[in-house]
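In case you want the letters, here they are:
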2 protein chains.
Amino acid sequence: VKHESLIVWTDEPLNAETPLDLLCRAPVTPTELFYVRNHGPVPAVDLASYRLTVGGLVGRPRSLTLDDLGRFERVMATATMICAGNRRDELARVTPIPGQAPWGPGAVGNAVWGGVRLRDVLRDAGADESAGHVAFTGLDEAAEDGEVVEFGGSIPLEKALGPDVLLADEMNGEPLPPEHGHPLRLVVPGYIGARSVKWLSTMTVQREPSANFFQSRTYRILPPGSSDPEDGFALGELPLSSAVCRVERLAGGIVRARGYAIAGGTRRVERVDVSVDGGATFATASLAGEAQPGAWLLWEAELAAPAGTTELAVRAWDSAGSTQPEDPARLWNPKGYANNAWHRVRLPAASS
Amino acid sequence: VKHESLIVWTDEPLNAETPLDLLCRAPVTPTELFYVRNHGPVPAVDLASYRLTVGGLVGRPRSLTLDDLGRFERVMATATMICAGNRRDELARVTPIPGQAPWGPGAVGNAVWGGVRLRDVLRDAGADESAGHVAFTGLDEAAEDGEVVEFGGSIPLEKALGPDVLLADEMNGEPLPPEHGHPLRLVVPGYIGARSVKWLSTMTVQREPSANFFQSRTYRILPPGSSDPEDGFALGELPLSSAVCRVERLAGGIVRARGYAIAGGTRRVERVDVSVDGGATFATASLAGEAQPGAWLLWEAELAAPAGTTELAVRAWDSAGSTQPEDPARLWNPKGYANNAWHRVRLPAASS
């Protein structure tokens, strides 16, 4: 069920990203072009016996069928999914990162998700709102360090009780495809994709973050030189990032570039800058539409590229008054996560 | 009432920062050493006639005396105040920034604030929770562009309804001093200091951000070359930042450094890195205590400084997987706000 244009890093489990020239053609990424990041085989789910359990620090533990979930208010939301390893390739060029897929900037996509609000389900179960965290597991299993582990992770309860976190059964107006979590996945806007657990099976309200492998052992920023998860910190909320999807030369020494920008958490993209002189000067890009937390903004810029110009760089600014770091070498970390350095692409040769 | 050690940029209005060697001696900054950023003279407030009005999109407009405020639940919270112009000096050394005080890294302080929750007062007034923003004005007036304007600004209603925003009448266990907003100031943890309006007079629930000069005309990040506020975006949530307060040489070629780190919004400081080789390698600093959103963390590091080492740099990482940009030149903006580049200090000469 994967599109022939996807760039496939591994077939089983399927890990594939969207080619850049197809990525930024429209604000909503077509489902068949949407990147896939799986840690194990797609589980076979029997809909008749499927249950979502809600447990831990709740007054009314639940075991919900899909019909039960249909009793909650139905909502739609546009949100971007982005892999924590997006743009790992640039880090791996600084110092190799063995055993990790060298994702380019296409492990990202924006979709319209349909489902119910996580907070409605948590409140129905009488979640203790001072608990701290909600842990999730999916039905998928992965082979990690020689053991089979179930996929899981957690988010702060404060985030889980926000209006934007969904239990989604629909993607771009159709039922979720198997590789995107059918019949139900979490959608956590503004967080790394790994927290949007697919084939969702259990939710547990608890005091501490999840002890699951994918929260406590990986998806962590480690200092260079360390391989001990205890030395690192867990990823959750996304850093600000941006990328160039396409660049072309127009007449008169003008260059036109397009791409995406995404801020994490509840921050918004406020400005996108492009430079053809290595950051000495920047031009301000036009943004397509209104910035919303949790969703990317596409941008476009036309600027003069003097003779000899060979490279275009992009960076964004967000509503926290922050912009991106310049150099991926300064962001290198052992697992190659969260690269949000300026994105640089070579300009096409000038026609002569 | 200002401490003789403060570094005074202007006397009237008073603008003064804390010397670095006094700044990081304890997690809580003594009130008399706390930086002061005022835009006009300290207003004389008559406590008997003082009222805080709550209006706009509220079901029950209020005009509250200090006694009325005493009916709400009393809370205490530790929060850091930081000026949007903190560390402007480094930007001004790149390209001059006329008419703006060249704050160093001491326009920051951490205090224990006592008062009532803003959300309790907003809910008592029946605020429309879908409104969007809350605008505030203080009793102070400033001369700006040849006109006298009242000080004001706004924050998103979502932030205002959080548990952490206070109407404070106490600072470090004593009544607020006049220069810090007596009898009542807003305390907005994780936001630029300018949003923590002092001598608080009015609160207005409204659809749009404040049109006040200090929200719509200044405290904005403009692109280099522009002086039009419309080209910029308003500051609110803070960027991640850090600074070195003190560095000393110990025996055996070891250097010891201390300083602060602060993340904005609801993010937390996760790691602090120090380098004596210009960022080629970093040592991990020890953090004093638990990271909490809205409050700084003090850090300390000891690392070997090889012969010839002349400079120490610091950067922090936050819970959004972000670290700070390297070069202040890349962050230069016309008003000189939000400099969160790596902070660099010269090492003291080695004894020989």
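1. Remarks on the overall build of chain A
Along chain A, the regular secondary structure elements total 6 helices and 23 strands. By the compact-globule yardstick of 20 Å for 352 residues, chain A fits well, its C-alpha radius of gyration being 21 Å. Taking the principal axes of the C-alpha coordinates as reference, chain A spans close to 70 × 45 × 40 Å. Sorting the 352 residues of chain A into buried and exposed places 56% on the buried side.

2. Brief notes about the interface of chain A and chain B
Between chain A and chain B, the contact holds 32 residues from the first and 33 residues from the second. Interface area for chain A against chain B, summed over the two sides, is near 2500 Å², with a carbon-plus-sulfur share of 52%. Summed over the three residues of chain A that lose the most area to chain B, namely Phe233(A), Arg271(A) and Arg330(A), the buried surface amounts to 27% of that side. With its nearest N and O atoms 2.9 Å apart, the salt bridge here joins Glu326(B) to Arg330(A). Looking at the side of chain A that touches chain B, its residues break down into 15 nonpolar, 9 polar and 8 charged.

3. As for the confidence of the model for chain A
In this model, chain A carries an average pLDDT of 96, and 99% of its residues clear a pLDDT of 70 or more. On the interface metric, ipTM, the complex scores 0.96, and its pTM is 0.97.

4. Observations regarding the pairing of strand S16 (residues 241-249) of chain B
Residues and elements named next belong to chain B. Two strands pair when backbone bridges link them, and S16 and strand S17 (residues 254-262) are joined in this way by 8 bridges, in the antiparallel orientation. Of the residues in S17, the one forming a bridge with valine 247 is alanine 257. Between the end of S16 and the start of S17, which pair antiparallel, lie 4 residues, with glycine 252 showing a positive phi angle near 75°.

5. Focus: the sheet that holds strand S4 (residues 52-56) of chain A
Residues and elements named next belong to chain A. Pairing within the open sheet is mixed, and its 5 strands lie in the order S5-S4-S13-S8-S9. Of all strands in the sheet, those bounded by a partner on one side alone are strand S5 (62-64) and strand S9 (147-156). The mean angle between the axes of side-by-side strands here comes to 25°, regardless of whether they run parallel or antiparallel. In this structure, strand S8 (residues 133-144) lies alongside S9, joined through 9 bridges in antiparallel fashion. Its bridge partner being in S9, alanine 135 is matched across the sheet by serine 154.

6. As for the pattern of salt bridges
Using the criterion set out here, one finds 42 salt bridges over all chains in the structure. The partner of Asp120(A) in a salt bridge is Arg117(A), and the shortest N-O contact between them spans 3.7 Å. Across the pair Arg74(B) and Asp169(B) runs a salt bridge, and its minimum N-O distance is 2.7 Å. You can see Arg74(B) sitting in strand S6 (residues 74-82) and its partner Asp169(B) sitting in strand S10 (residues 166-171), a full 95 residues away along the chain. Members of the salt-bridge network, linked through shared partners, are Glu311(A), Glu326(A), Arg344(A) and Arg330(B).

7. Some words on the relation of the copies chain A and chain B
Laying chain A over chain B is done by rotating through 180° and shifting 0.0 Å along the axis; what remains is an RMSD of 0.0 Å. Look at the turn and shift together and you get a two-fold axis relating the two. Within chain A, the C-alpha atom positioned nearest to the axis of rotation is that of Pro325(A), 2.1 Å from it. When you check the interface residues of chain A against chain B, 100% turn up at the interface there too, and the contact is symmetric in its surfaces.

8. Examining the sheet that holds strand S9 (residues 147-156) of chain B
Residue and element names in this part refer to chain B. Reading across the sheet, the 5 strands line up as S5-S4-S13-S8-S9 and stay open at both edges, with mixed pairing between neighbours. This sheet does not close on itself; its edge strands, each paired only once, are strand S5 (62-64) and S9. Each adjacent strand pair in this sheet contributes to an overall mean axis angle of 25°, direction not counted. In the sheet, strand S4 (residues 52-56) pairs with strand S13 (residues 200-206) via 4 bridges, with the strands oriented parallel. Paired with glycine 55 across the bridge in S13 is threonine 204.

9. Observations concerning the packing of aromatic side chains
Scanning all chains against the criterion turns up 18 aromatic pairs over all chains. Ring centres 6.0 Å apart and planes at 85° place the aromatic pair Phe34(A) and Trp113(A) in the edge-to-face group. Of this pair, Phe34(A) sits in the loop between helix H1 (20-23) and strand S3 (36-37) while Trp113(A) sits in strand S7 (residues 108-117), and the two are 79 residues apart along the sequence. Overall, the relative accessible area of 1% leaves Phe34(A) in the buried class. For the pair Phe151(B) and Phe214(B), a centre-to-centre distance of 4.6 Å together with 40° between the ring planes defines the contact as tilted. Of this pair, Phe151(B) sits in strand S9 while Phe214(B) sits in helix H6 (residues 213-216), and the two are 63 residues apart along the sequence.

The rules behind each value
- Residues numbered from 1 in each chain as written.
- Chains lettered and ligands numbered in written order.
- Predicted model: local features only at pLDDT ≥ 70, side-chain atom pairs only at ≥ 80, totals over all residues.
- Heavy atoms only, no water.
- Helix = DSSP H or I, 4+ residues; strand = E, 2+ residues; numbered from the N terminus.
- Rg over C-alpha atoms; globule rule 2.2 N^0.38 Å.
- Buried < 20%, exposed > 50% of the residue type's maximum accessible area, 1.4 Å probe, protein only.
- Contact = heavy atoms within 4.5 Å.
- Buried area = accessible area lost by both parts, 1.4 Å probe.
- Salt bridge = Lys/Arg side-chain N within 4 Å of Asp/Glu carboxyl O.
- Nonpolar A, V, L, I, M, F, W, Y, C, P; charged D, E, K, R; others polar.
- pLDDT = per-residue confidence, 0-100.
- Pairing = 2+ DSSP bridges.
- Axes fitted to C-alpha atoms, helices over the stretch in contact; angles between N-to-C directions.
- Least-squares fit on C-alpha atoms with pLDDT ≥ 70 in both.
- Phe/Tyr/Trp six-rings, centres within 6.5 Å; stacked < 30°, edge-to-face > 60°.

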